[in-house]
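Report on the structure
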Amino acid sequence: MLGWSSRIRILGIVVKTSDPAYVAVRERLRIARERLAVSQEEVARQLRRPQSYVSKCELGERRVDVIELAALADCYGQALTYFTGKTAWQEPPAPSGRRRLRPLGGAGGRHAGRGRPPG
């Protein structure tokens, strides 16, 4: 299906969401979530977003900007470079209690992906 979501503009360059590098980022988002054995709902709750946000990011129906990718990386306990394929999966430190996702902070913050600067 071709439409507005089939192409995105990154730093002035038009990139198709079917571009192999972009597809790899999307796949690694899904793989990271599955490796931690968490649902899209759990990730969405951590990011304070609807479940559909996580689904659309993983399917390529919604582009993920660098700030949102940083928040997802923080949530999954991975470096940004994991999602771009530059580094391998790093086992995140074992969380205390039942919580599997890492608490947001630093790169993501409470306004990550909302178009507003923190503070």
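In case you missed it, the structure is sitting above this.
So, how was this worked out
Residues numbered from 1 in each chain as written. Predicted model: local features only at pLDDT ≥ 70, side-chain atom pairs only at ≥ 80, totals over all residues. Heavy atoms only, no water. Core = buried A, V, L, I, M, F, W, Y, C linked by side-chain atoms within 4.5 Å. Buried < 20%, exposed > 50% of the residue type's maximum accessible area, 1.4 Å probe, protein only. Helix = DSSP H or I, 4+ residues; strand = E, 2+ residues; numbered from the N terminus. Contact = heavy atoms within 4.5 Å. Phe/Tyr/Trp six-rings, centres within 6.5 Å; stacked < 30°, edge-to-face > 60°. Lys NZ or Arg CZ within 6 Å of the ring centre and 35° of its normal.

1. Brief notes about the nonpolar core
- The biggest cluster of nonpolar side chains holds 21 residues, and the ones touching the most others in it are Leu29, Val43, Leu47, Leu72, Tyr76 and Phe83.
- Every element with two or more residues in this core is listed here: α1 (20-35), α2 (40-47), α3 (51-59), α4 (66-76) and α5 (80-83).
- Sort the elements by how many residues they give to this core and α4 lands first, with 6 residues.
- With sequence-adjacent residues up to four places away left out, Leu72 is seen in contact with Leu29, Val43, Leu47 and Val64.

2. What to know about the packing of aromatic side chains
- Per the counting criterion, the structure on display carries 3 aromatic pairs.
- Seen in terms of ring centroids, Tyr76 and Phe83 are 6.4 Å apart; in terms of plane orientation they differ by 40°. Their pairing is tilted.
- Seen in terms of ring centroids, Tyr82 and Phe83 are 5.0 Å apart; in terms of plane orientation they differ by 80°. Their pairing is edge-to-face. With respect to class, Tyr82 is no different from Phe83; both count as buried.
- Three or more aromatic residues link up through ring pairs in this structure, and these residues are Tyr76, Tyr82, Phe83 and Trp89.
- Just above the ring of Tyr82 sits the side chain of Arg28; from NZ or CZ to the centre is 4.7 Å.
- In this structure, Arg49 is placed above the aromatic ring of Tyr53, and the distance from its NZ or CZ to the ring centre is 4.4 Å.

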